[in-house]
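A closer look at the structure
The residues making up each chain are set out below.
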Amino acid sequence: MATDVKAVLKVEGEQSFAQAFKNATSSVKALDTAVKANEAAFENTGNKMQSLQEKSSLLRQEISAQEDVVKLANEELKRLKDEYGDGSTQVNNYQAKVN
């Protein structure tokens, strides 16, 4: 039961950022669902080694997707700081939103 979910990220502007962020968080959710499905599939088979290997693979993919989300958030924060200045209302609102 190999599952491979990937997110491709390229950000150009605020609208593109919003869509990329949405895609990345959707990937994280899909991977979380895949981890749960994997656990359910192997629950009664007794093949713990295979189950743990698949879970490990899925969790590595989930971590990678979460890193993409963090990277996007940091890029957007940098863009806002460059555009509006550090400590601006826009920057403070964005920081509050992502924290």
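Nothing here was measured: the structure is a model prediction, and the numbers come from that model. Within each chain, residues carry numbers counting from 1 in the order of the written sequence. Residues qualify for local features only when their pLDDT is at least 70, as the model is predicted, and side-chain atom pairs are given and counted only at 80 or more; totals for whole chains, interfaces and linings, by contrast, use all residues. Note that the side-chain values use all heavy atoms of the structure and ignore hydrogens as well as water.

Here the focus is the overall build of the protein chain. Tallying secondary structure elements over the protein chain gives three helices and zero strands in all. Runs of H or I in DSSP of at least four residues are treated as helices and runs of E of at least two as strands, each being numbered from the N terminus. Along the protein chain, from the amino end to the carboxyl end, the secondary structure elements read α-α-α. Here the analysis covers contacts within the protein chain between residues at least 6 apart in sequence; of these, 59% occur between residues at least 24 apart. By element, 50% of the accessible surface of the protein chain is carried by carbon and sulfur atoms, the whole surface being about 6900 Å². By the convention used here, residues are in contact when the closest approach between their heavy atoms is within 4.5 Å. Each accessible area is a Shrake-Rupley estimate made with a 1.4 Å probe; only the visible protein chains count as cover when residues are assessed.

Here the focus is the nonpolar core. Within this scheme, the nonpolar core is defined by two criteria: the residues are buried Ala, Val, Leu, Ile, Met, Phe, Trp, Tyr or Cys, and they are joined through side-chain atoms within 4.5 Å. Any residue under 20% of the maximum accessible area for its type is buried, any over 50% is exposed, and the rest in between are partly exposed; the area is computed with a 1.4 Å probe on protein chains only. Leu 58, Leu 72 and Tyr 94 are the most contacted members of the largest nonpolar core, which has 16 residues in total. For this core, the elements supplying multiple residues, two or more each, are α1 (14-42), α2 (48-84) and α3 (89-98).

Position of Ser 51 among the secondary structure elements: in helix α2. Residue Ser 51 is classed as buried on the basis of its relative accessible area, which comes to 12%.

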